[in-house]
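# Residue-level structural notes
Chain residues, written in single-letter form:
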Amino acid sequence: MRLGFARLFGRSLRARLVLLFSLVLVPPVLIAWGKAVYDYYDQRHSLQRLLLQRAKLIATEREELVHGARGLLKTLAELLGAEPLQGETCQKNLRNALARNADFQTLLILDVDGRIACSSQPVDPAVTMTDRDWFQAATTGADFFVSQPLASRVTHNTILVASAPLRSRAGAVTGVIAVSIPWDRMTAPPLRSDDTPENAGENAGASAGMLALIDHSGRIFPFEGSGKQQGGFSGEKALMQAFADQAPPRSTDGRIVVGQRSEWAVVPLAGGALYVALGQPRHLISQQLNFQLLLGLGLPALIWVAAVATAWTAADRLIVRWVLRVREHAASIAAGRTVDPDEQLSDAPRELQQLATSLRRMMATIRERNADLRDALEHRETLIKEIHHRVKNNLQIIASLLNLQMRGIRDGAARDAMLTVRNRVNALALIHRTLYETDEMQQVELSGFLRTLADQVAEFLDARERHIRMSVVVPPIFVPAETAVTLALLVTEALSNAFKHAFPRRHIGQVTIRMERSPAGGATLIIADDGVGGVERGSVEQHEAAEGSLGNQLMVGYARQLGGALTIDDAAGTVIRVDLPAIPFPASGPSPAADEGSASD
């Protein structure tokens, strides 16, 4: 768990603090980003709703003209329904009605055959309207009908015609009454709430934007001053494409029609005969909204980066710097240098000052305990050295007593037995002398130890007078004192056997002690001579069973005590091999040169 935390947050205190602080700030940043995206779409929808509301206001203005025409026709139909449909009185009434309704251009009364029976202005009597949709709709029962934009046969300009039927008291259609609405009145720029007759012209272009009327066949009629560019309507192509791709709205609420480059609010007018289309380029909307979105996304990110940088600086200034000072303080204390805590940590946080004080107290206590332990250890080492020294002296006394005893013994076998015991005692004395003469009292270095032991045994067995050379080739290996005692006894038995049995009829030869790397691991001790041999070759069990060979039995026992196995070979002299898996052989490095000692000739 701790390893996973270290991998996730790093091992640096500053990195962990900054990362944790960064993770704490992630949820607020994500919330801020989510709100920025939500606000982006909400503002986009708000702009679309605002565009639709403006289109509705413009449509309402145009709808008032249509409603005015409906009211005018209804009133005139009620007044003129029972009167003659022609004559000066009729014309006078129509002119008076137009005088009170300046938004309309011409009033006509037609008979059922489409001929003009009465007009508010002079007309050609030969003109008929039977092919007009508004006339056909009125004669077929429509109470009110508004035509598509068309060219007037009376005034020769573009108009809308609103028509209604004239009925007798019995309800039969006796004629049609119609009023023309000038097209320029329908496409006049809309007035803003602050418009006055003095500034209406100045504000017209700004209010209109991309504004047009659309008939049910999809023809587009731009408002005056609405997006004119080189005599054409700038949004006509986009509006026609969007209007063709999406069905026109039927509800009076209208809807948004989205094109590739523009967005349009389309509202029905005059019962769906016309549509008011108010558009605005999408890039103008996107520029403002994208800037706000970028600001909404970038500002939290910048705040997050600034907060992380602040956390990094604060962690460095308030924590890491003083922790490093405390570490330097502790290192100085551990090295025994005198430090001034007020100089190093005077401005540090109180908790770190308390930590430094605790470290000083702890180091003082540790120093006192270490001093006591060193004193106790030195006293113990002195006592152990003294014990080894006294044991060595006692063993030397025993060896001296054995020498004195040997002088009075004439029997050769008894004398050899006393000599063997003396060699064993001297080997033990050498171990204790080696231990108290070195600083390391638990380890013995085999190279020097075995060389000294071999020289000592050779001296006691008159190797110089017998011209028997000694050779010791052992690398510097350290073994515990218990192992060194057992090895010393084993080597002493092997050397004693060699000097006794290997050279019975000649006074010249060589005995070698060497240590090699074992193929099975560990080390192999080899004690070889070039004498006459005569010792039976075989394994440990065979030599244990050999009768009358106490030396061999001792060597087998010592080898087993060392955790190894002993084998003897007499093919060329006698070679004793002891495998010692518990003793590690040096991994590399040249073996030391052989240290040879020989008797003088």
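Please read these numbers as outputs of a predicted model, since none were measured by experiment.

About the thresholds
Residues numbered from 1 in each chain as written. Predicted model: local features only at pLDDT ≥ 70, side-chain atom pairs only at ≥ 80, totals over all residues. Heavy atoms only, no water. Axes fitted to C-alpha atoms, helices over the stretch in contact; angles between N-to-C directions. Helix = DSSP H or I, 4+ residues; strand = E, 2+ residues; numbered from the N terminus. Left-handed = near helix turned anticlockwise from the far one by under 90°. Contact = heavy atoms within 4.5 Å. Nonpolar A, V, L, I, M, F, W, Y, C, P; charged D, E, K, R; others polar. Patch = residues over 30% accessible without salt bridge, like charges linked within 9 Å, V, L, I, M, F, W, Y side chains within 5 Å. Areas by Shrake-Rupley, 256 points an atom, 1.4 Å probe, with all protein chains shown as cover. Salt bridge = Lys/Arg side-chain N within 4 Å of Asp/Glu carboxyl O. Buried < 20%, exposed > 50% of the residue type's maximum accessible area, 1.4 Å probe, protein only. Lys, Arg positive; Asp, Glu negative; His and termini not counted. Charge placed at Lys NZ, Arg CZ, Asp CG, Glu CD. Parallel < 35°, antiparallel > 145°, perpendicular 65-115°, else oblique. Phe/Tyr/Trp six-rings, centres within 6.5 Å; stacked < 30°, edge-to-face > 60°. Pairing = 2+ DSSP bridges. Expected span 1.5 Å × (residues − 1). Arc of directions from axis to C-beta. Disulfide = S-S within 2.5 Å.

### Considerations on the packing of helix 12 (residues 446–460) against helix 13 (residues 481–501)
Axis separation between helix 12 and helix 13 bottoms out at 10 Å; the angle between their running directions is 35°. Between helix 12 and helix 13 lies a crossing whose hand is right-handed. Contacts between helix 12 and helix 13 involve Leu446, Phe449, Leu450, Leu453, Ala454, Val457 and Ala458 from the first element and Ala484, Leu487, Ala488, Val491, Thr492, Leu495 and Phe499 from the second. Here the contact of helix 12 with helix 13 is composed, by residue class, of 13 nonpolar, one polar and no charged.

### Describing a nonpolar patch on the surface
Nonpolar side chains collect at one region of the surface, where Leu13, Leu17, Leu318, Ile319 and Val323 lie side by side and expose about 370 Å² of accessible area between them. When contributions to the nonpolar patch are tallied by element, the ones reaching two or more residues are helix 2 (13–80) and helix 8 (282–334). Residue contributions to the nonpolar patch peak at three residues, all from helix 8. Note that Leu13 resides in helix 2.

### Examining the environment of Ala314
Looking at the element boundaries, Ala314 is found in helix 8. A relative accessible area of 32% places Ala314 in the partly exposed class. Residues Ala314 and Arg14 lie 300 residues apart in sequence; the distance between their C-alpha atoms is 9.3 Å.

### What to know about a negative patch on the surface
Taken together, the side chains of Glu368, Asp372, Asp375 and Glu378 present a region of like negative charge at the surface. Note that Asp375 resides in helix 10 (residues 350–407). Residue class for Asp375 comes out partly exposed when judged on its relative accessible area of 48%.

### Considering the packing of helix 2 against helix 8
At a minimum axis separation of 9 Å, helix 2 and helix 8 run at an interaxial angle of 165°. As far as their axial angle goes, helix 8 and helix 2 are roughly antiparallel. Considering the relative orientation of helix 2 and helix 8, their crossing is right-handed. Among the residues making up the contact of helix 2 with helix 8, the classes are represented as 28 nonpolar, six polar and four charged.

### Structural notes on the packing of aromatic side chains
Scanning the entire structure with this criterion turns up three aromatic pairs. Relative to Tyr41, the ring of Tyr40 has its centre 5.1 Å away and its plane inclined at 85°; by these criteria the two rings are edge-to-face. Look at Tyr40 and you get buried, because its relative accessible area is 14%. Classification of Tyr41 by relative accessible area gives partly exposed; the value is 47%. Seen in terms of ring centroids, Trp134 and Phe135 are 6.4 Å apart; in terms of plane orientation they differ by 90°. Their pairing is edge-to-face.

### Remarks on the pairing of strand 17 (residues 509–517)
Across six bridges, the pairing between strand 15 (residues 468–473) and strand 17 is parallel. Bridge pairing links Arg469 to Gln510 in strand 17. Relative to strand 18 (residues 523–529), strand 17 runs antiparallel, the two being bridged by seven bridges. Looking at the pairing, Ile513 lines up with Ile527 of strand 18. The turn joining strand 17 and strand 18, which pair antiparallel and follow one another in sequence, is formed by five residues; a positive phi near 105° is taken by Gly521.

### Describing helix 15 (residues 550–561)
Helix length check: helix 15 (12 residues) gives 16 Å between terminal C-alpha atoms against 16 Å at 1.5 Å per residue, within 8%. Within helix 15, burial applies to Gly551, Asn552, Met555, Val556, Tyr558 and Ala559. Relative to the axis of helix 15, the buried residues are bounded by an arc of 160° and lie together on one face. Turned more than 90 degrees off the buried face of helix 15, the exposed positions are Leu550 and Gln561.

### Some points on the state of the cysteines
Tallied over the full model, the rule gives one disulfide. Between the sulfur atoms of Cys90 and its disulfide partner Cys118 the distance amounts to 2.2 Å. Classification of the bridge connecting Cys90 and Cys118 rests on its S-S torsion, roughly -120°, and on that basis the disulfide is left-handed. Linking Cys90 in helix 3 (residues 88–99) with Cys118 in strand 2 (residues 116–119), this pair joins segments that are 28 residues apart in sequence. Taking the relative accessible area as the measure of exposure, Cys90 reaches 4% and is therefore buried. For Cys118, a relative accessible area of 1% puts it in the buried group.

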